[in-house]
Amino acid sequence: MRIDVLTIFPDYLAPLELSLAGKAREKGLIDVRVHDLRAWTHDRHRTVDDTPYGGGAGMVMKPEPWGEALDELLADGPATVVFTTPSGQPFTQAVARELATRERIVFACGRYEGIDQRVIDEVGSRAEVREISLGDYVLNGGEVAALAVTEAVVRLVPGFMGNAESLTEESHEDGLLEYPVYTKPASWRGLDVPPVLLSGDHAAIAAWRRDQAVRRTAARRPDLLPASTLLDDVEIRPVE
Ligand code: SAM
């Protein structure tokens, strides 16, 4: 998978050089390229923003640098262009799974009051466009969203995780939050690991984990439960 990131703060994407992308790059699974949007400006001040038509506070990102940058990146071949925006589709594990099937993703990271709408409309006429929100809050820019989406997507790319099973058991994969997890020692500061986990009884452990996942989801995220089909035989009580 090739990932291009367009931003006015390329340094913000430095974490992509660290463990996640480093590991995936070593394995030849991803090719990450970060681009400074200002490279596609032509004035002395490398201007990327201007005042909004219609008035109002703040500045809007100008269409020309975005248009030229996207022309150049899309000339390399088809890609899904992800505009990070608080008015986009909420980012979920299902969206991450979908994006993990793409061969190329170009992230367009907004700043200021956002990007001139014509950029999104125009690129949508020649490429798949996704407008994605990290959540119902406003960040200063799209870089953190691009990092979060990249991390969630890349770990789903086949071959990235050493143990693919650990992916399927995670929160949101089956519509439930994950059960609580424990490791050694069996007793720590007077707190014991639930005895069933030491029993070696795999069926009992699986049943306990499923029960815990349902209880936790019911207590913390009841909104997720209607989507789950796993509830028929489990009594829902608040987490103790
Ligand atoms: N005026 C915009 C609005 O009210 O929707 C917010 C602009 S925000 C200050 C600047 C940029 O940060 C956005 O263009 C977007 O790229 C990014 N951003 C902010 N919040 C985000 C979120 N929740 N998810 C994804 N990107 C976000």
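Residues numbered from 1 in each chain as written. Predicted model: local features only at pLDDT ≥ 70, side-chain atom pairs only at ≥ 80, totals over all residues.

- If you look the protein chain up in an unreviewed UniProt entry, it shows as tRNA (guanine-N(1)-)-methyltransferase from Nocardioides mangrovi.
- Per UniProt, the protein chain carries the Subcellular location (unreviewed entry) text "Cytoplasm".
- As its UniProt record puts it under Sequence similarities (unreviewed entry), the protein chain is described as follows: "Belongs to the RNA methyltransferase TrmD family." (UniProt positions renumbered as here; feature names shortened; annotations may be inferred.)

**Observations regarding the environment of alanine 186**
Now for step 1: Position of alanine 186 relative to the elements: it lies in the loop between helix H6 (165-168) and strand S8 (187-188).
Now for step 2: What makes alanine 186 exposed here is the crowd of 12 C-beta atoms within 10 Å.
Now for step 3: Excluding residues that lie within four positions of it along the chain, alanine 186 makes contacts with Asp192, Val193 and Leu198. (Helix = DSSP H or I, 4+ residues; strand = E, 2+ residues; numbered from the N terminus. Buried ≥ 20, exposed ≤ 12 C-beta atoms within 10 Å, placed from the backbone. Contact = placed C-beta atoms within 7 Å.)

**Quick look at helix H5 (residues 143-154)**
Spacing of three or four residues puts side chains on the same side of an α-helix, whose turn is 3.6 residues.
Now for step 1: The end-to-end C-alpha distance of H5 is 16 Å, a good match for the 16 Å that twelve residues give at a rise of 1.5 Å each.
Now for step 2: For H5, the set of buried residues is Glu143, Ala145, Ala146, Leu147, Val149, Thr150, Val153 and Val154. (Expected span 1.5 Å × (residues − 1).)

**A word on the site of the ligand**
Now for step 1: Not every one of the 19 residues close to the ligand is listed here, only the nearest: Thr84, Gly110, Leu139, Gly142 and Ala145.
Now for step 2: Tallying contributions element by element places strand S5 (residues 80-90) first for the shell around the ligand, with four residues.
Now for step 3: Tallied by class, the residues present in the shell around the ligand amount to seven nonpolar, ten polar and two charged. (Near = placed C-beta within 6 Å. Nonpolar A, V, L, I, M, F, W, Y, C, P; charged D, E, K, R; others polar.)

**Describing the environment of alanine 218**
Now for step 1: Relative to the assigned elements, alanine 218 resides in helix H7 (residues 202-220).
Now for step 2: Given 20 C-beta atoms within 10 Å, alanine 218 falls into the buried group.
Now for step 3: With 42 residues separating them along the chain, alanine 218 and leucine 176 place their C-alpha atoms 9.0 Å apart.

**Details of the UniProt feature "binding site: S-adenosyl-L-methionine" (unreviewed entry) in the protein chain**
Now for step 1: As annotated by UniProt and renumbered to match this structure, "binding site: S-adenosyl-L-methionine" (unreviewed entry) occupies Gly110, Leu134, Gly135, Asp136, Tyr137, Val138 and Leu139.
Now for step 2: Glycine 110 has contacts with Met61, Phe83, Thr84, Thr85, Ile115, Gly141 and Gly142, leaving out every residue within four places of it along the chain.
Now for step 3: Mapped onto the fold, tyrosine 137 is located in the loop between strand S7 (128-133) and H5.
Now for step 4: Taking the number of C-beta atoms within 10 Å as the measure of exposure, tyrosine 137 has 7 and is therefore exposed.

**Considerations on the packing of helix H2 (residues 63-74) against helix H4 (residues 117-124)**
Now for step 1: Taken N-terminus to C-terminus, the directions of H2 and H4 make an angle of 25 degrees; their axes are 9 Å apart at the nearest point. By the angle class used here, H2 and H4 are roughly parallel. Our pair here, H2 against H4, has a crossing hand that is right-handed. Here H2 contributes Pro63, Trp66, Gly67 and Leu70 to the contact with H4, which in turn contributes Arg118, Val119, Glu122 and Val123.
Now for step 2: Residues that form the contact of H2 with H4 fall into these classes: five nonpolar, one polar and two charged. (Axes fitted to C-alpha atoms, helices over the stretch in contact; angles between N-to-C directions. Parallel < 35°, antiparallel > 145°, perpendicular 65-115°, else oblique. Left-handed = near helix turned anticlockwise from the far one by under 90°.)

**Description of the sheet that holds S7**
Now for step 1: Judged by pairing direction, the sheet is parallel, and its five strands sit side by side in the order S2-S1-S6-S5-S7 without closing on themselves. Every interior strand has two partners, whereas the edge strands, strand S2 (31-36) and S7, have only one. Neighbour-to-neighbour, the strand axes of the sheet open up by a mean angle of 30 degrees, direction not taken into account.
Now for step 2: Inspection of the sheet shows S5 paired to S7 by seven bridges, in the parallel sense. Looking at the pairing, threonine 80 lines up with glutamate 128 of S7. (Pairing = 2+ DSSP bridges.)

**Describing the environment of arginine 46**
Now for step 1: Structurally, arginine 46 can be placed in the loop between S2 and strand S3 (49-50).
Now for step 2: For arginine 46 and proline 65, which are 19 residues apart along the polypeptide, the C-alpha to C-alpha distance reads 9.5 Å.

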